[in-house]
Amino acid sequence: MRRISNLILLSLTLSLMPSVYSAESSEPFRIIDNIYWVGSTFGSYLINTPEGHILHDTGSNEMHDVIVANVEKLGFDVQDIKIMISSHAHWDHVQGHRLMQQLTGAQVIALGGDAEALESGVDNSAGGFPGLEPVKVDLVIRDGAVITLGDVTLSALWTPGHTQGATVWMTTVEEEGNTYSVAFRGGEIPNDGLQLFGNPRHSSVVEDTFMTLERLKALTPPDLLLHNHPQNLGRPLDPALPVNPACFTCLDAQGWTSMVEGAEARFAENLEKARQDQ
């Protein structure tokens, strides 16, 4: 079944209703090894294994048909999607879970507070944005959980600053005889302009964001970070990283470090403003 064949944007301020966004067409492509881009407006990744596929993020409802078509353009069967995982439970990354689960019967896996948001269809992050749709969560995991399908293993790192169950998923791939570490972006800090003190949905958002930043800084930067929004490094990717040059969501190890440092500085600014506004 396996087919052989950049300014950093830290988060998107979701102050508008989902209906103002439309899914743009985007051709699918292999990024590295068995990881493929199948998204459009927002990121969506297909991980191919001999036992079926793992789909990371489903984007908005408007992206559903695009993702299905992209999977088929790559020569895969969408019915072979067995597992769906996500970066974080905001509508622009998981609204399409319900439609994809209905189509494929795939198992939805989520961590803690994000599992609750997915099941209820209510965003419990500090933002409380509209647009989530309820979907059955088949497996609720904890920090450090490991999931395996075929020859692919992914580990979950809990980063609850952006949403209560935001998750960095990590794996390794092989390309041109070398092994590379890959991380799928979860989320770093709350969106700008949100209530940080006494937030009615995420009361511990400040503490959780500090914890998230410390956890991200403690990690050895991955060789490749796959973001869920388009990126512009302002420079070429590390030439030693054999990824498809068409990848506009790819960050290298230096890009990862810059992203985390930028998030930390931005949160410090937002926190100081929140203190002044109290």
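Since the structure is predicted, the reported quantities are computational estimates derived from the model, not experimental observations. (Residues numbered from 1 in each chain as written. Predicted model: local features only at pLDDT ≥ 70, side-chain atom pairs only at ≥ 80, totals over all residues. Heavy atoms only, no water.)

(A) Inspection of the pattern of salt bridges at higher detail. The tally for this structure, following the rule as stated, stands at 11 salt bridges. We note a salt bridge from Glu-214 to Lys-217, for which the minimum N-O separation is 3.0 Å. Remark: Lys-217 and Glu-214 occur in helix 5 (residues 205-218); sequence separation between them is three residues, near one turn of the helix. Residue Lys-217 is classed as partly exposed on the basis of its relative accessible area of 41%. Ionic contacts of the salt-bridge type, sharing partners, join the residues Glu-214, Lys-217 and Glu-264 into one network. (Salt bridge = Lys/Arg side-chain N within 4 Å of Asp/Glu carboxyl O. Helix = DSSP H or I, 4+ residues; strand = E, 2+ residues; numbered from the N terminus. Buried < 20%, exposed > 50% of the residue type's maximum accessible area, 1.4 Å probe, protein only.)

(B) Quick look at the packing of aromatic side chains. Evaluated as defined, the whole model comprises seven aromatic pairs. Seen in terms of ring centroids, Tyr-36 and Phe-76 are 5.2 Å apart; in terms of plane orientation they differ by 80°. Their pairing is edge-to-face. Here Tyr-36 is found in strand 2 (residues 35-37), whereas its partner Phe-76 is found in the loop between helix 1 (64-73) and strand 5 (81-85), with 40 residues between them in sequence. Classification of Phe-76 as buried rests on a relative accessible area of 7%. With a centroid separation of 5.8 Å and an interplanar angle of 90°, the aromatic rings of Phe-42 and Trp-91 are classed as edge-to-face. One end of the pair, Phe-42, is in the loop between strand 2 and strand 3 (45-49); the other, Trp-91, is in helix 2 (residues 91-94), with 49 residues separating them in the sequence. The class for Phe-42 is buried, based on a relative accessible area of 3%. (Phe/Tyr/Trp six-rings, centres within 6.5 Å; stacked < 30°, edge-to-face > 60°.)

(C) A look at the sheet that holds strand 7 (residues 139-141). Ordered by their spatial adjacency, seven strands build an open sheet running 1-2-3-4-5-6-7, and the pairing between neighbours is mixed. Strands at the two margins of the open sheet, each flanked by one partner only, are strand 1 (29-32) and strand 7. Each strand of the sheet is rotated relative to its neighbour by a mean of 25°, with strand direction disregarded. As paired strands, strand 6 (residues 107-111) and strand 7 are joined by three bridges and run parallel to one another. Following the sheet pairing, Ala-110 is matched in strand 7 by Val-140. Its contacts with the sheet put helix 4 (residues 112-120) on strand 6 and strand 7, and the angle it makes with strand 6 is roughly 130°. (Pairing = 2+ DSSP bridges. Axes fitted to C-alpha atoms, helices over the stretch in contact; angles between N-to-C directions. Contact = heavy atoms within 4.5 Å.)

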